[in-house]
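Results of the structural survey
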Amino acid sequence: MASELTEKIIKQIEYYFGDINLSKDKFLQEETQKDSGWVSLETMVKFNRLKQLTTDYKVIVDALKQSTSDLLEIDEENSKIRRAKPLPENLSEFETNLKQNTVYVKGFSIEMSLDDLYSFFEQYGKVLQIFMKRFPSTRQFKGSVFVTFETNEQMKKFIELEELKYNDQVLTKELQEEYLKRKAPQFEKIKENKAKKEQQKLEKVKQQQEAEQAFLKEQQIPGAILHVSNVPGDASRESLKELFDNYGKVKYSDFSKGQNEAYIRFSEENKAKEILETIKELKMKDNLLELRVLEGEEEEKYWKEIIRRLSESRNKSHKGGRKAKNGRKGGNRNKRSFNEDQDNDDKPAATEENNKKLKTDD
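Because the structure is predicted, anything quoted here is derived from the model rather than measured. (Residues numbered from 1 in each chain as written. Predicted model: local features only at pLDDT ≥ 70, side-chain atom pairs only at ≥ 80, totals over all residues. Heavy atoms only, no water.)

**Remarks on the overall build of the protein**
Each helix and strand in the protein was counted, giving 14 helices and 15 strands. When each of the 362 residues of the protein is scored for burial, the buried share is 38%. Intrachain contacts of the protein at a sequence separation of at least 6 include 68% that bridge at least 24 residues. When the accessible surface of the protein is totalled, it reaches about 22600 Å², and 45% of it is carbon and sulfur. (Helix = DSSP H or I, 4+ residues; strand = E, 2+ residues; numbered from the N terminus. Buried < 20%, exposed > 50% of the residue type's maximum accessible area, 1.4 Å probe, protein only. Contact = heavy atoms within 4.5 Å. Areas by Shrake-Rupley, 256 points an atom, 1.4 Å probe, with all protein chains shown as cover.)

**Examining the sheet that holds strand E3 (residues 80-83)**
Taken in spatial order, the three strands line up as E1-E3-E2 in an open sheet, and their pairing is antiparallel. Strands at the two margins of the open sheet, each flanked by one partner only, are strand E1 (39-40) and strand E2 (72-74). (Pairing = 2+ DSSP bridges.)

**Quick word on the packing of aromatic side chains**
Counted under the stated rule, the structure contains 19 aromatic pairs. When the ring of Phe131 is compared with that of Phe146, the centres are 6.4 Å apart and the planes differ by 45 degrees; the resulting orientation is tilted. Within this pair, whereas Phe131 is found in strand E5 (residues 127-134), its partner Phe146 is found in strand E6 (residues 141-149), the two being separated by 15 residues in sequence. Of the two residues, Phe131 and Phe146, both sit in the buried class. Ring centres of Tyr302 and Trp303 lie 6.3 Å apart, and the angle between their planes is 70 degrees; on these two criteria the pair is classed as edge-to-face. Residue classification places Trp303 among the buried residues on the basis of a relative accessible area of 3%. Between the NZ or CZ atom of Lys142 and the centre of the ring of Phe135, over which it lies, the distance is 5.3 Å. (Phe/Tyr/Trp six-rings, centres within 6.5 Å; stacked < 30°, edge-to-face > 60°. Lys NZ or Arg CZ within 6 Å of the ring centre and 35° of its normal.)

**A closer look at the pattern of salt bridges**
Any two side chains of opposite charge can pair, so long as their charged atoms come close to each other. On inspection of all chains with the given rule, the structure shows 19 salt bridges. Across the pair Glu31 and Lys34 runs a salt bridge, and its minimum N-O distance is 2.8 Å. Since its relative accessible area comes to 13%, Glu31 is described here as buried. The exposure class of Lys34 is exposed, given its relative accessible area of 62%. (Salt bridge = Lys/Arg side-chain N within 4 Å of Asp/Glu carboxyl O.)

**Concerning the sheet that holds strand E10 (residues 225-229)**
The sheet built from four strands is open, its strands ordered E11-E12-E10-E15 with antiparallel pairing. The sheet is open, and its two borders are formed by strand E11 (250-254) and strand E15 (290-293), each paired with just one other strand. Neighbouring strand axes in the sheet, compared pairwise and without regard to direction, differ in orientation by 20 degrees on average. Sheet topology note: the E11/strand E12 (residues 261-266) ladder contains four bridges and is antiparallel. The residue bridging Val250 from the neighbouring strand is Phe266, located in E12. Running over the sheet, helix H11 (residues 237-244) touches E10, E11, E12 and E15 and is turned about 140 degrees from E11. Its contacts with the sheet place helix H12 (residues 271-278) against E10, E12 and E15, and it is angled at close to 140 degrees to E15. (Axes fitted to C-alpha atoms, helices over the stretch in contact; angles between N-to-C directions.)

**Regarding unusual backbone geometry**
Glycine aside, residues mostly have negative phi, and peptide bonds are mostly found in the trans state. Even without glycine at this site, Asn78 takes up a positive phi of about 60 degrees. Along the chain, the position of Asn78 falls in the loop between E2 and E3. In this model, Lys285 sits at a positive phi of 60 degrees, which is unusual for a non-glycine residue. If you trace the backbone, Lys285 turns up in the loop between strand E13 (283-284) and strand E14 (287-288). By relative accessible area, which is 58% here, Lys285 ends up exposed.

**Focus: H11**
The α-helix advances 3.6 residues per turn, and as a result positions three or four apart in sequence lie on the same side. Among the residues of H11, those classed as buried are Leu240, Leu243 and Phe244. Viewed end-on, H11 has its buried residues packed into an arc of 85 degrees, placing them on one side of the element. Seen from the open side of H11, the exposed residues pointing more than 90 degrees away from its buried face are Glu238 and Glu242. As for H11, its buried residues are in contact with E10, E11, E12, E13 and E15. (Arc of directions from axis to C-beta.)

**Focus on the environment of Phe266**
Of note, Phe266 is situated in strand E12. Its relative accessible area of 1% is what places Phe266 among the buried residues. Put simply, Phe266 and Asp245 are 21 residues apart on the chain and 8.9 Å apart in space, counted from C-alpha to C-alpha. When near neighbours in sequence (up to four residues on either side) are disregarded, Phe266 contacts Ile221, Ala224, Leu226, Phe244, Gly248, Lys249, Val250, Lys251, Lys271, Ala272 and Ile275.

In structure tokens, the structure reads:
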């Protein structure tokens, strides 16, 4: 007779490679595609629930050799395992059947574990999956579950029980389909609220973008750019601004130390042309400065570059100092984590749309 540990190892690994999990587990699917379906035990022992049972390869192999399901096969080196049967060809029909074999049960203690739940439900038939509903913010068990039985007959026998108790606590039960129908108005409200929030978010982004464009447009003043060449080598942005402030209010002195040319941006429209007509000769140190007004395509090209730089600078300023929640960086959440298991993040037997609904409050 197999030991309790052996039975748990068989159940857990056969769950990983079973129809329900493997048909939707992207990570494990990718692993099976690397080596003709084989997955190394080194990879398997990183899965949270198996790791809690054992990380000893020999213990795992010895346990799987006692399985009577013929679901898995072990390689000659006892270092890899793979599924021996193909997945269902018609996944849509498969999901429909699973949904018809799934019930919703409520009233358990929030302290119950997945193993406790399996022990309870397996007295009524072979259980393919148990989905423990949890509060999203705390991951605390809600005391309600979705249970998928192997056959429709087992499900019907369970649902027809006159009374269902766990430790004298009366449990309520209903078909998953009935649960979804009963919850449909709430799901629709949640969907509407989510869509409303998304719309508000888009409108806020649009307003920010419009405000950004308005700001950038305000910076673009026609006829305000004076190109200056033959600038002394020891000139600075400040000294150039100070010099041209004598002729008109300088908004910005676009100059890098060591260059021999600069762009002086005035605050008033057509101010550069006005100043050029006023100044007959202008020296800085011993250098006679050469001045001209940017016009036409040259002016347009310059403003495009300035606006690009301004936009990048503002974006960096907005993002600066921001951190992800709890100080962590964001990551790719589409990949399956080694720590995800059927008692928390795996989905119940249903369509993808229904999976999202099942995570709402009871």
